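Chain and residue survey
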Amino acid sequence: MGRVRRVLRKPAVIGVLIVGALALAAGLVWFQPWKLWVNETVRESVPAVTGSARPGGTEGVRTLATGRLISHEHHTSGSVRVLRLPDGSRTLRLENLDTSNGPELKVLLSDAPVKPGQDGWHVFDDGAHRSLGSLKGNKGDQNYSVPADVDLSRYTSVSIWCDRFDVSFGAAALKPA
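First things first, this report covers the structure right here in the doc. (Residues numbered from 1 in each chain as written. Predicted model: local features only at pLDDT ≥ 70, side-chain atom pairs only at ≥ 80, totals over all residues. Heavy atoms only, no water.)

1. Things to note about the pattern of salt bridges
- All told, the structure shown has seven salt bridges when counted by the stated rule.
- We note a salt bridge from Arg43 to Asp141, for which the minimum N-O separation is 3.9 Å. Here Arg43, found in strand E1 (residues 41–43), pairs with Asp141, found in strand E8 (residues 139–146); they are 98 residues apart in sequence, far enough to count as distant.
- Of the residues examined, Arg43 reaches a relative accessible area of 62% and is grouped as exposed.
- Looking at Asp141, the relative accessible area reads 15%, which means it is buried.
- Glu104 is paired through a salt bridge with Arg164; the nearest N and O atoms lie 2.7 Å apart. Placement of Glu104 in the loop between strand E5 (90–98) and strand E6 (105–110) and of Arg164 in the loop between strand E9 (157–162) and strand E10 (167–173) is noted, with a sequence separation of 60 residues between them.
- Overall, the relative accessible area of 15% leaves Arg164 in the buried class.
- The network of salt bridges with shared partners includes Arg81, Arg93 and Glu95. (Salt bridge = Lys/Arg side-chain N within 4 Å of Asp/Glu carboxyl O. Helix = DSSP H or I, 4+ residues; strand = E, 2+ residues; numbered from the N terminus. Buried < 20%, exposed > 50% of the residue type's maximum accessible area, 1.4 Å probe, protein only.)

Here is the structure:
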């Protein structure tokens with residue numbers, strides 16, 4: 001009888017180990033915890049004006065709106081500027097960004113008000129919002145093209161948004177310049 005019990009225990013233990021290994025692998029893929037220790041720094045300059053007298057010249061670049069990032073789910077700091085280039089195109093610029101890295105981070109324009117603390121964590125995808133694309137890096141200076149059909153009077157905030165967990169890492173209210 002004792003030998004039968006030992007034979008039955010081996011498949012059960014192996015089954016539990018396999019299920020545990022699969023759960024661990026799925027958790028690693030979902031949460032991507034290694035990103036907590038990996039920083040991605042981006043150093044993009046202000047978009048250059050073509051045909052400028054100086055290389056990298058910014059003559060004719062106008063600031064339309066500005067904002068300061070506040071922390072939500074993760075410590076976040078830096079500033080935001082919306083720029084109009086001489087050709088009429090617009091760029092959202094993150095400057096001195098410092099936030100945590102994470103899975104599926106996006107830059108969102110939103111009509112949601114920026115609220116401090118936990119009240120502001122989950123509001124940016126509730127109303128009107130537009131993704132400007134994936135966050136290029138969790139540190140530094142970076143530019144995001146604002147589509148021509150985006151009405152900036154409708155979108156009053158910017159969020160560093162984690163699409164995987166539907167939470168804002170940080171956000172800024174946009175104030176006209």
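2. Details of the side chain of Ser110
- Mapped onto the fold, Ser110 is located in strand E6.
- Setting aside chain neighbours within four positions, we find Ser110 in contact with Phe124, Ala128, His129, Tyr155, Thr156 and Ser157. (Contact = heavy atoms within 4.5 Å.)

3. Quick look at the pairing of E5
- Most of E5 is tucked away: seven of the nine residues are buried.
- Here strand E4 (residues 77–84) pairs with E5 via seven bridges, running antiparallel. Note on E5: the bridge partner recorded for Arg81 is Arg93.
- Where E4 folds back on E5, the antiparallel hairpin that results is connected by five residues, among which Gly88 adopts a positive phi of roughly 95 degrees. (Pairing = 2+ DSSP bridges.)

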